[in-house]
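Chains, contacts and geometry: an overview
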Amino acid sequence: MYLRNCWYLAGWRSDFADGQVHAVTILNEPLAVYVTGHGKAVALEDRCPHRAAPLSKGRREGDDIRCMYHGIMFGPDGACTELPGQPVIPPSVCVRSYLVEERHGGVWVWMGDAALADPSLIPDFIGPDSEEFAITASHLDIAAEGQLLIDNLLDVSHAPYVHEATFGAGDRKTIQMQIEGEHQAVTTRLARGVHIERWHVGRQKNPYVPDMPSDDLVINEVNVPGVFTLRTRCYAPGVQQRCGADGIPAEDPILERSVGQVVTPVAPGRCKLFFAVGPWARRAELKQRVFDIACEAFQEDEAIIEAQQQIIDKTPDRPMMTLGMDGPLVRYMNIVRRLKKEEEGEAVAA
Ligand code: FES
Ligand SMILES: [Fe+2]
């Protein structure tokens, strides 16, 4: 169940910097995405209305795209700008031009009702344009339903198991304190997502900096349609005893890092995981290390989710279970159901 009245990440801005027209699929809808000469990202329906040839296989002519089947040309607004051999252009010869926003170093496309598009609905996110963090951004193509990846992001309780070797640094004590921390996570409902906070107290090993025991405050949010942010603030051990009554540490962390992930459902059984990760800009020397570990960890997620998808495909009628550890997922899906109902109500009213 995917929402339509949301901004979906089509790609990082740098993915489209080559001047080419890119074929992008979101919610099973083919888009042709490119950047105009004035630097504005455009997303057109990737289907010529004449005989359904993809415009992404067309030719850029200035800011227009010419369909390279029979030569019809379209502008960034989707209107036909040239119809070979026919001076009068029927208004039906056009393609949908999607609303696009560039934010956090990414290109976001509104897949729903254009009248309801609100750029403020793009969640906060630390992307490759951040000045505070030294971010590297990339993506993975995953052969699994996007919802399975969203479930995974809502469930940090998988980290000590799936990411035993990476985020857990292969250390038993570190893994145990992660498990305990996750059991005490506090989840708060947001208008369009959930906010989860927990302490990981007594981290022995850190995969980024050798010999740096720490107590970590781990704060993450997941907002529709699948935008995950996680900030890990590593403090000198014992910080909780030095916190004020509000539980907020007065001291600066010794290290902070950010992990952002965005799920874009591509088609049934396929999705993209976009990620942007990095340490504080002041510890930019750790940038490559944080990226390498994140890549390894996301491949660990990819492996378990693709394996899960294969079992689901073989046992499509068997339900899954919901247990105590699935609390954030349950809360998030309640929000999605409410927003979906609103969408359907709006669609009926329209
Ligand atoms: S299919 Fe595009 S011009 Fe004919
Ligand atoms: Fe994971």
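Residues numbered from 1 in each chain as written. Chains lettered and ligands numbered in written order. Predicted model: local features only at pLDDT ≥ 70, side-chain atom pairs only at ≥ 80, totals over all residues. Heavy atoms only, no water.

Here we come to the overall build of the protein chain. Looking only at helices and strands, one finds 5 helices and 18 strands in the protein chain. The globule rule puts the C-alpha radius of gyration for 350 residues at 20 Å, and the 22 Å found for the protein chain is close to it. Judged by the C-alpha coordinates and their principal axes, the protein chain covers about 80 × 45 × 40 Å. Partitioning the contacts of the protein chain with sequence separation of at least 6, the portion at a separation of at least 24 is 56%. Accessible area of the protein chain: about 16,600 Å², with a carbon and sulfur share of 53%. Of note, the protein chain has its 35 positive side-chain charges centred 2 Å away from the centre of its 49 negative side-chain charges. (Helix = DSSP H or I, 4+ residues; strand = E, 2+ residues; numbered from the N terminus. Rg over C-alpha atoms; globule rule 2.2 N^0.38 Å. Contact = heavy atoms within 4.5 Å. Areas by Shrake-Rupley, 256 points an atom, 1.4 Å probe, with all protein chains shown as cover. Lys, Arg positive; Asp, Glu negative; His and termini not counted. Charge placed at Lys NZ, Arg CZ, Asp CG, Glu CD.)

Note on placement: His 70 falls in the loop between strand 6 (64-66) and strand 7 (73-74). For His 70, a relative accessible area of 39% gives the class partly exposed. Distance from His 70 to His 158, taken between C-alpha atoms, is 52 Å for residues 88 residues apart in sequence. Those residues in contact with His 70 that lie beyond four places of it in its chain are His 50, Arg 51 and Pro 84. Within the structure, the side chain of His 70 is placed 3.0 Å from the side chain of His 50, a separation counted as a polar contact. (Buried < 20%, exposed > 50% of the residue type's maximum accessible area, 1.4 Å probe, protein only. Polar contact = N/O pair within 3.5 Å; in protein donor to acceptor, adjacent residues only side chain to side chain.)

With that out of the way, let us pick up the sheet that holds strand 15 (residues 214-223). Reading across the sheet, the 7 strands line up as 12-18-17-16-15-14-13 and stay open at both edges, with antiparallel pairing between neighbours. Since the sheet does not close on itself, it has two edges, and those belong to strand 12 (136-142) and strand 13 (186-190), each with one partner. Here the strands of the sheet are splayed against their neighbours by 15° on average, with no regard to which way each runs. Two strands pair when backbone bridges link them, and strand 15 and strand 16 (residues 227-235) are joined in this way by 9 bridges, in the antiparallel orientation. When the sheet's bridge partners are listed, Asp 215 is paired in strand 16 with Tyr 235. In the packing of helix 1 (residues 146-153) onto the sheet, the strands contacted are strand 12, strand 15, strand 16, strand 17 (255-267) and strand 18 (270-279), and the crossing angle to strand 17 comes to about 160°. (Pairing = 2+ DSSP bridges. Axes fitted to C-alpha atoms, helices over the stretch in contact; angles between N-to-C directions.)

Once that is clear, we can look at the side chain of Thr 264. Checked against the element boundaries, Thr 264 lands in strand 17. In this structure, Thr 264 is in contact with Leu 9, Ile 26, Cys 271, Lys 272 and Phe 274, ignoring residues within four places of it in sequence.

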